[in-house]
Amino acid sequence: MEGGSWQPQEEGIKEICGLLEQQISPTSDKSQIWQQLQHYSRFPDFNNYLAFILVRADVCGNLIAVSDNPFAVVDFIRVEALPINISYLIDTIFEHIRRHSGTRIRLAAGKSVEIRQAAGLLLKNNLRTAFKSMSPAHQQYIKSELLPCLGAADRHIRSTVGTIVSVIVQLVGVFGWPELLQALVNCLDSGDLNLMEGAMDALSKICEDIPQVLDSDVPGLSERPINIFLPRLFQFFKSPHMSLRKLSLSSVNQYIMLMPTALYMSMDQYLQGLFVLANDPAADVRKLASSCIPVSWVCAAFVQLIEVRPSFLEPHIRNVIEYMLQVNKGGDDEVALEACEFWSAYCDAQLPPESLREFLPRLIPVLLSNMVYAEDDESLADAEEDGSLPDRDQDLRPRFHTSRFHGSENAEDDDDDIVNVWNLRKCSAAALDILSNVFGDDILPFLMPLVQAKSSNADDSVWKEREAAVLALGAVAEGCINGLYPHLSEIIAFLIPLLDDKFPLIRSISCWTLSRFSKYIVQGIGQQKGDEQFEKVLMGLLRRILDNNKRVQEASCSAFATLEEEAAEELAPRLEIILQHLMCAFEKYQRRNVRIVFDAIGTLADAVGLELNQPKYLDILMPPLIAKWQQLSNTDKDLFPLLECFTSIAQALGTGFSQFAEPVFQRCMSIIQIQQLAKVDPASAGVQYDKEFIVCSLDLLSGLAEGLGSGIESLVSQSSLGDLLLQCCLDDAPDIRQSAFALLGDLARVCPVHLHPRLSEFLDVAAKQLSTSRLKETVSVANNACWAIGELAIKVRQEVSPVVMTVVSCLVPILQHAEGLNKSLIENSAITLGRLAWVCPDLLSPHMEHFMQPWCAALSMIRDDIEKEDAFRGLCAMVRANPSGALSSLVFMCKAIASWHEIRSEELHNEVCQVLHGYKQMLRNGAWEQCMSSLEPPVKDKLSKYQV
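Residues numbered from 1 in each chain as written. Predicted model: local features only at pLDDT ≥ 70, side-chain atom pairs only at ≥ 80, totals over all residues. Heavy atoms only, no water.

What about the overall build of the protein?
A count of helical and extended segments in the protein gives 49 helices and four strands. Classification of the 948 residues of the protein by burial places 56% in the buried group. Across the protein, contacts joining residues at least 24 apart in sequence account for 76% of those joining residues at least 6 apart. About 41,100 Å² of surface is accessible on the protein, with carbon and sulfur atoms providing 50% of the total. (Helix = DSSP H or I, 4+ residues; strand = E, 2+ residues; numbered from the N terminus. Buried < 20%, exposed > 50% of the residue type's maximum accessible area, 1.4 Å probe, protein only. Contact = heavy atoms within 4.5 Å. Areas by Shrake-Rupley, 256 points an atom, 1.4 Å probe, with all protein chains shown as cover.)

Shown next, in the form of structure tokens:
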């Protein structure tokens, strides 16, 4: 069948149109109609019918019109007015339609556009899944029908066609639709507004959905499509038609981040057009209607440009700053938000601060003004005493557990605001924060008079202004601390009464702002005024933890957790009153905020450690937690924060957790077993699979191993943990593997004997994590696997030898190409390499000259600890086995040795001395002195403690 020879059947059109009309009716049974449409979709040419209805038929009732010209205006024949005995006329009409592929039928006025749109949207959804499996003839029919409809008279139809065109291009690319590019060019060059708008609509959607497709080589074309379209898009920047200016700007903006060569080479032309549009007379910052240029698009272009290619804007930066400042203080929050992003982007781009400095007196007031709650801010709904109201399901934010990570720098950022709504208030505060870090105390003369004026007005009608002033103080707390520090006691004294303000949102922001000064509040401890100040802040936050407003509860718990981290052991004398307040909150809070209490308890345990292991504290802390533990089922997601909380408590109490350990251990084992079954057979498990249960349980088992030490051995010996753990190490989910290898390393430390039965399998699977081609994507898994191998090596010694060279062949490239890799992975790679060298020096020493330099460079960056000691034992062992292997890297080795502040192990200290003295004796005729002369004076000074 040729693409143009397919013709619809009359009954098919009528039935499908009838269904579509019902589908758009608000009173219809949508599920029944959907089932019928799904039934039709099983017919191979169903999507052809949809394309025909979208392009050629206006259908909705009882009018029929025919025309050889798809876009002609035609007269109607009213069906019910026809005598029954002339029904043959209808057959004649449809026969005429079947013979003329260019014919359109219309069955009524009224809702025809809506029905055609419905056909188009259904076609779009069907093509996403079915297009590639359709016959080439049907594919060609649909493509050939769509192109003439790009210039349809109705803009809704044009838009629908543009959406379908973009979907097809996503599926087959432009190479799979060779006619499309020429059709778009013809429409853009036609001078016909409908054709130009239709082509631009389709093009803008292609640019938005799959911009890279136009910046790719296309067989048969002498240049990339972007080179063909970009000059035309720039021309449309100057079009008298607003719609074309909007669509062209939107299209080009999609390429700023990609920055294809064509745009890079045309940047002057683009900027000229952008500046024209920035001053477009139809550009109204107060509205985003279809009749005006969305100013936010112009602002977005400037923000993206300064992020990607700030040098392009630098010659025009004063004009751009002036423009953004004007827009930022405009009346529309959405537009102002886009402009406000510019200030942070400017600072991140590391452009000269001086260009922005002269605008600070005008910019700071604008930011402060925009930090005031908007009337429609959803947070204003939180301004009531709602603590006793149960949380709705939609109130519970998604929860993201961070898998256990062994090292000094986690690979993933923990973004607390990931589920929060970003708005002008928050963006303005973030901009003020980053400006304070760039300009420091220089912004205080412009900010503080405004803060003082707003905060001193006690009128209830301006409470939002006071709240914004407190937010501003918190925003600049870090960047302007030098200027604020002399007044810190006054600032704290100002904030503490606000913890009891009548307005909940002032109470909550005061908690946050106080937390921003936590470090400096804690530094004052030990002096009378500092002690009194700390006590007032501590008790103020504890009072707010028991607030009746949920928003204040959340803010106070988070602020208190920050204070806990800073104060650490300083909290020990106050543990009883802290625990009383936290456990009272635990009983009082609704579901969402109970999770935050768990976090605060966990942070407290991390902060005070073994100080918590006293009966009087455990009697307050543990009974409510154990009751909650017993109340929650193994499939209740509220278990997650409790598992995390127990992890911190187990680590803090150490062997003191023994009395609680067995039920916790068994529960973790049970959860992992249930979830592993659910992954392959949810029906048998009786639960839906959720990997987070496994991750949290593995991390709690790690906490038990760390806390109990060898005391966990009796629990492990009577369990199948080894088999379960191996399954987790083999799991396809990276976060499960990450936690599994962390547990493997922790168990290797305290009870390696129970890993022996599967030792070779553990070592093999751990080694494979280091050889992946996607190392950067799974860096946390590789990091923990690397660390676990090292922990196993020093316990099982020679038994690790079968995988030693495989592991080393993966570690060396990591050390050789350390730039851009996670710091902890580099450190753990260096330590594990050293541990392997310690236990198997004969295997590694013949190859040491190939990795000594990058290895020593990595060792020199590691802080003093027992792991570094192990690595240097490996270094000394290899040098003893093959002294000449390190000769070419002697300078690097000396720098690594000099990186020690103090080697606490006398045995290792002596070994290092022997290595250095050995080389001093080996290098004669001034060679040793020459080596020493190439070292920096601080390095030579540190080596003197080894008597060389």
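A few points about the nonpolar core
Formed by 332 residues in total, the largest nonpolar core has its most connected members in Tyr 270, Trp 343, Leu 625, Ile 649 and Phe 657. Setting aside residues up to four positions removed in sequence, Trp 343 forms contacts with Ile 321, Met 324, Leu 325, Asn 328, Leu 356, Leu 363, Leu 367 and Ala 431. (Core = buried A, V, L, I, M, F, W, Y, C linked by side-chain atoms within 4.5 Å.)

Re the pattern of salt bridges
Taken as a whole and assessed by the stated rule, the structure comprises 41 salt bridges. The partner of Lys 679 in a salt bridge is Asp 731, with the nearest N and O atoms 3.1 Å apart. Separated by 52 residues along the polypeptide, Lys 679 in helix H33 (residues 658-680) and Asp 731 in the loop between helix H37 (721-729) and helix H38 (734-750) bring together distant segments of the chain. Accessibility expressed as a relative area gives 10% for Asp 731, which makes it buried. Between Asp 735 and Lys 691 there is a salt bridge, and its shortest N-O distance comes to 3.4 Å. A residue pair is termed long-range when its members are at least 10 positions apart, and Asp 735 in helix H38 and Lys 691 in helix H35 (residues 691-708) qualify at 44 residues. Note on Lys 691: relative accessible area 33%, which makes it partly exposed. (Salt bridge = Lys/Arg side-chain N within 4 Å of Asp/Glu carboxyl O.)

Quick notes on the packing of helix H14 (residues 295-308) against helix H17 (residues 333-348)
Their axes nearest at 8 Å, the elements H14 and H17 cross at an angle of 10°. Considering the angle they form, H14 stands roughly parallel to H17. H14 and H17 meet at a crossing whose hand is left-handed. Side by side, H14 and H17 meet where Val 295, Ser 296, Cys 299, Ala 300, Phe 302, Val 303, Ile 306 and Glu 307 of the first sit next to Val 335, Glu 338, Ala 339, Glu 341, Phe 342, Ala 345 and Tyr 346 of the second. By residue class, the composition of the contact of H14 with H17 is eleven nonpolar, one polar and three charged. (Axes fitted to C-alpha atoms, helices over the stretch in contact; angles between N-to-C directions. Parallel < 35°, antiparallel > 145°, perpendicular 65-115°, else oblique. Left-handed = near helix turned anticlockwise from the far one by under 90°. Nonpolar A, V, L, I, M, F, W, Y, C, P; charged D, E, K, R; others polar.)

Topic: unusual backbone geometry
Even without being a glycine, Met 259 presents a positive backbone phi close to 45°. Within the secondary structure layout, Met 259 lies in the loop between helix H11 (242-253) and helix H12 (261-265). Note on Met 259: relative accessible area 9%, which makes it buried. Here Asn 925, not a glycine, exhibits a phi torsion of approximately 55°, which is positive. For Asn 925, the location among the structural elements is in the loop between helix H47 (906-922) and helix H48 (927-933).

Some words on the packing of aromatic side chains
Describing an aromatic ring pair means giving the distance of the ring centres and the angle of the ring planes. What the rule picks out here adds up to 22 aromatic pairs. Members of the aromatic cluster, each reached through a chain of ring pairs, are Trp 629, Phe 646, Phe 657 and Phe 660. The side chain of Arg 797 reaches across the aromatic face of Trp 838, ending 4.6 Å from its centre. The ring of Trp 900 has Lys 868 lying over it, and the distance from NZ or CZ to the ring centre is 4.8 Å. (Phe/Tyr/Trp six-rings, centres within 6.5 Å; stacked < 30°, edge-to-face > 60°. Lys NZ or Arg CZ within 6 Å of the ring centre and 35° of its normal.)

Some points on the confidence of the model for the protein
Averaged over all residues, the pLDDT of the protein is 86; the fraction at 70 or higher stands at 88%. For the stretch residues 284-291, pLDDT sits under 50, and the model shows 20 contacts to residues farther than four places along the chain or on other chains. (pLDDT = per-residue confidence, 0-100.)

Side note on H17
Over its 16 residues, H17 extends 23 Å from the first C-alpha to the last, a length consistent with the 22 Å expected when each residue adds 1.5 Å. Among all positions of H17, only Val 335, Ala 336, Leu 337, Ala 339, Cys 340, Phe 342, Trp 343, Ser 344, Ala 345, Tyr 346 and Cys 347 are buried. For H17, the elements touching its buried residues are H14, helix H16 (317-328), helix H18 (353-357), helix H19 (360-370) and helix H20 (424-439). (Expected span 1.5 Å × (residues − 1).)

Topic: the environment of Ala 733
Of note, Ala 733 is situated in the loop between H37 and H38. By relative accessible area, which is 9% here, Ala 733 ends up buried. Between the alpha carbons of Ala 733 and Lys 691 there is a distance of 8.0 Å; along the sequence they are 42 residues apart.

A word on the packing of helix H29 (residues 575-588) against helix H30 (residues 591-608)
In contact at an axis separation of 9 Å, H29 and H30 are set at 160° when each is read in the N-to-C sense. Judged on the interaxial angle alone, H30 and H29 are roughly antiparallel. Every pair of crossing elements has a handedness; the one defined by H29 and H30 is left-handed. Side by side, H29 and H30 meet where Leu 575, Ile 578, Leu 579, Leu 582, Met 583, Ala 585 and Phe 586 of the first sit next to Val 594, Val 597, Phe 598, Ala 600, Ile 601, Leu 604 and Val 608 of the second. Residues that form the contact of H29 with H30 fall into these classes: 14 nonpolar, no polar and no charged.

Side note on helix H44 (residues 852-859)
A large share of H44 lies buried, amounting to six of its eight residues. Residues of H44 that are buried: Met 852, Pro 854, Trp 855, Cys 856, Ala 858 and Leu 859. Contacts made by the buried residues of H44 are with helix H41 (801-816), helix H42 (823-839), helix H45 (866-881) and helix H46 (890-898).

So, the side chain of Gln 675
For Gln 675, the position within the fold is in helix H33. Among residues more than four places away in sequence, those in contact with Gln 675 are Val 687, Gln 688, Tyr 689, Asp 690, Phe 693 and Ile 694.

Digging into the environment of Val 800
With respect to the helices, strands and loops of the structure, Val 800 is situated in the loop between helix H40 (779-796) and H41. Among the residues examined, Val 800 registers a relative accessible area of 0% and is labelled buried. Linking Val 800 and Leu 763, residues 37 residues apart in sequence, is a C-alpha distance of 7.6 Å. The contact partners of Val 800, leaving out residues within four places of it in the chain, are Leu 763, Ala 793, Leu 836, Val 839 and Cys 840.

What about the state of the cysteines?
Taken as a whole and assessed by the stated rule, the structure comprises zero disulfides. Unpaired in this structure, Cys 729 has its nearest cysteine sulfur neighbour in Cys 728, at a distance of 7.1 Å. According to the relative accessible area criterion, Cys 729 is buried, its value standing at 0%. (Disulfide = S-S within 2.5 Å.)

Overview of the environment of Glu 565
Positionally, Glu 565 belongs in helix H28 (residues 550-567). Measuring from C-alpha to C-alpha, the distance between Glu 565 and Val 608 comes to 9.3 Å, with 43 residues separating the pair along the chain.

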